[in-house]
Amino acid sequence: MVGDFFHVQRWCLTAIGVARGDTLTNRTIFTVSLLTVLVMKLGTILFAVNHRTEIMLLCDCLGPTFTAYLGLLRQCVLRQQRTELWQLVDEIIALKQTVKSSEHRIIERYNRIDLLHAWAYLVSAMATAVLFTAAALWKVFGSDAADWKLPLLMEFPFDIQHPVTFAVFFIWCSVAIVWVVLESVACDSSFGTLCSSMLAHFVIIQRRFEGLGMAEQHFGTVGALIRYHQYVLCLTKRIIGAYRHIIFNQLLISSILLCMLGFQLVISAGTSIMVVYMVYSLAIIIQITYYCYYGSMLHHESEQVQRAIYGGAWYTADIRTQKLLLLCMMRASKAVDANSGFTRASLPALKSILNSAGSYITLLLSLLD
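If you're wondering where the values come from, they're calculated on a predicted model, not measured in any experiment.

A. Representation of the overall build of the protein chain. Helix and strand counts for the protein chain come out as 10 helices and two strands. Going residue by residue from the N terminus, the α and β elements of the protein chain occur as α-α-α-α-α-α-α-α-α-β-β-α. Projected onto its principal axes, the C-alpha positions of the protein chain cover 85 × 50 × 30 Å. Burial status across the protein chain gives 51% buried among its 369 residues. Of all intrachain contacts in the protein chain linking residues separated by at least 6 positions in sequence, the fraction that spans at least 24 positions is 81%.

B. Looking closely at the environment of Val 232. Relative to the helices and strands, Val 232 resides in helix H7 (residues 219–267). When sequence neighbours within four positions are dropped, the list of residues in contact with Val 232 reads Leu 95, Met 198, His 201, Phe 202 and Ile 205.

C. Highlighting the packing of helix H3 (residues 55–80) against helix H6 (residues 163–211). Packing of H3 against H6 leaves a shortest axis separation of 9 Å and a crossing angle of 55 degrees. It follows from the interaxial angle that H3 and H6 lie oblique. When you trace H3 past H6, the crossing you get is left-handed. Facing Thr 67, Ala 68, Gly 71, Leu 72, Arg 74, Gln 75 and Leu 78 of H3, the residues of H6 in contact are Val 180, Glu 183, Ser 184, Ala 186, Cys 187 and Asp 188.

D. Layout of empty space enclosed by the protein. In the structure shown here, the tally under the stated rule is two cavities of 30 Å³ or more. A volume near 230 Å³ is recorded for the largest cavity. Lining the largest cavity are 17 residues, with Thr 67, Thr 128, Val 180, Val 181 and Tyr 280 sitting closest to its centre. Elements that contribute at least two residues to the lining of the largest cavity include exactly H3, helix H5 (104–142), H6 and helix H8 (274–311). Across the lining of the largest cavity, the residue classes tally to 13 nonpolar, four polar and no charged. Forming the walls of the second largest cavity are Val 77, Leu 78, Gln 81, Leu 85, Ala 242, Tyr 243 and Ile 246. Elements that contribute at least two residues to the lining of the second largest cavity include exactly H3 and H7. Looking at which element gives the most residues to the lining of the second largest cavity, the answer is H7, with three residues.

E. Geometry of the packing of aromatic side chains. Under the counting rule described, the total for this entry stands at 13 aromatic pairs. Measuring from ring centre to ring centre gives 5.7 Å for Phe 169 and Trp 172, while their planes differ by 75 degrees; the resulting arrangement is edge-to-face. Within this pair, Phe 169 and its partner Trp 172 are both found in helix H6, separated by three residues, close to a single helical turn. Each member of the pair, Phe 169 together with Trp 172, is buried.

F. Here's a closer look at the nonpolar core. Ranked by size, the top nonpolar core spans 109 residues in total, and within it Met 40, Leu 78, Phe 209 and Tyr 243 carry the most contacts. Here this core gets 25 residues from one element, more than from any other, and that element is H6. Apart from the residues within four sequence positions on either side, Phe 209 is in contact with Leu 225, Ile 226, Val 305, Ala 308, Ile 309, Gly 312, Leu 325 and Cys 328.

G. Fine view of the pattern of salt bridges. Applying the stated rule across the entire model yields 10 salt bridges. In this structure, Asp 90 engages Arg 20 in a salt bridge whose closest nitrogen and oxygen atoms are separated by 2.9 Å. On the criterion of sequence distance, the pair formed by Asp 90 in helix H4 (residues 82–98) and Arg 20 in the loop between helix H1 (7–15) and helix H2 (24–50) is long-range, its members being 70 residues apart. What makes Asp 90 partly exposed here is its relative accessible area of 33%. Take Arg 20: its relative accessible area is 36%, and that puts it in the partly exposed class. In this structure, the salt-bridge partner of Arg 79 is Asp 22, at a minimum N-O distance of 2.5 Å. Here the residue Arg 79 occupies a position in helix H3, and Asp 22 occupies one in the loop between H1 and H2, the gap between them amounting to 57 residues. Under the relative-accessibility criterion, Arg 79 is labelled buried at 18%. In the salt-bridge network here, residues are joined through shared partners; they are Asp 22, Arg 27, Arg 79 and Arg 82.

Calculation criteria
- Residues numbered from 1 in each chain as written.
- Predicted model: local features only at pLDDT ≥ 70, side-chain atom pairs only at ≥ 80, totals over all residues.
- Heavy atoms only, no water.
- Helix = DSSP H or I, 4+ residues; strand = E, 2+ residues; numbered from the N terminus.
- Buried < 20%, exposed > 50% of the residue type's maximum accessible area, 1.4 Å probe, protein only.
- Contact = heavy atoms within 4.5 Å.
- Axes fitted to C-alpha atoms, helices over the stretch in contact; angles between N-to-C directions.
- Parallel < 35°, antiparallel > 145°, perpendicular 65-115°, else oblique.
- Left-handed = near helix turned anticlockwise from the far one by under 90°.
- 1 Å grid on protein atoms, 1.4 Å probe; cavity = no way out; pocket = protein on both sides within 12 Å on 5 of 7 lines; lining within 4 Å.
- Points joined across faces, edges and corners; volume = space filled by probe spheres on them.
- Nonpolar A, V, L, I, M, F, W, Y, C, P; charged D, E, K, R; others polar.
- Phe/Tyr/Trp six-rings, centres within 6.5 Å; stacked < 30°, edge-to-face > 60°.
- Core = buried A, V, L, I, M, F, W, Y, C linked by side-chain atoms within 4.5 Å.
- Salt bridge = Lys/Arg side-chain N within 4 Å of Asp/Glu carboxyl O.

Below, the structure written as structure tokens:
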């Protein structure tokens, strides 16, 4: 049974057809949502091609296009890794049952914090979807001169201005935006939740090593703790391996997305549409922060295991136990990194992305002048 720590992710994964069971219903939901977002992406690409010389319209269009691409990638990777993902969830739940009752509060504290992060992410991302739809509805019904535009800038090889056709495409586009949001939340927050659980176990391992009274412990007890450490390292590597393609694309594209959104914020300063871009930018920053924050925390906490071993009473142990601890220290000296290709998710990487986005905004503004 999936614990409360995976509640938000379970709901979002089910909504995009990546639930635990590979049923006909889940496959149908996955196919429909994938095709819906894909057609939306093709519509935005056609608009971008037809307006490639207009930099403001191009930036307004390419932001959702890149977001849709990341959404499609997330959904496909999650579907491909569905069995591994749910197996990781089951193993983490089972691992929690093996720790001492006094250590449960450490895991629960990390889970509570992560649950708040997941809900905050879901609310902010859904707010972006609602604002895009509400802004389009205001243009159609709220102004004196109705502007029949979809929530996103899209074009099709046929006319959609007939009221019935426009209504159908408007609803379809709004649903596609919601599905992109669900894809993002399902993927990013599940990565954060799995990593958060691993962080809790690294902290438990550190405290166990620090609390070992070596003179009173025998070789087998220390060996069991080292096997626990190795298992947590193995689980962490599997988590990073399952998300490596998503991490690579997210870090690569995020600076471009933030550049376009920052450019739109500057241009739309003082207007009502500025709120949409602000919330959209916040959602993108939360996405990057999920990977970079947990990447840095995994590096830090896994590295702290070595210091916890050295800070314990290893000098009172017998020679055989000391050799075993030495091997564990050597392994712990190589921290866990969320690597993907030539990129690594970390807080310095987040700083670099935000700095590069600011440079790109300046470049775009100079081109506009």
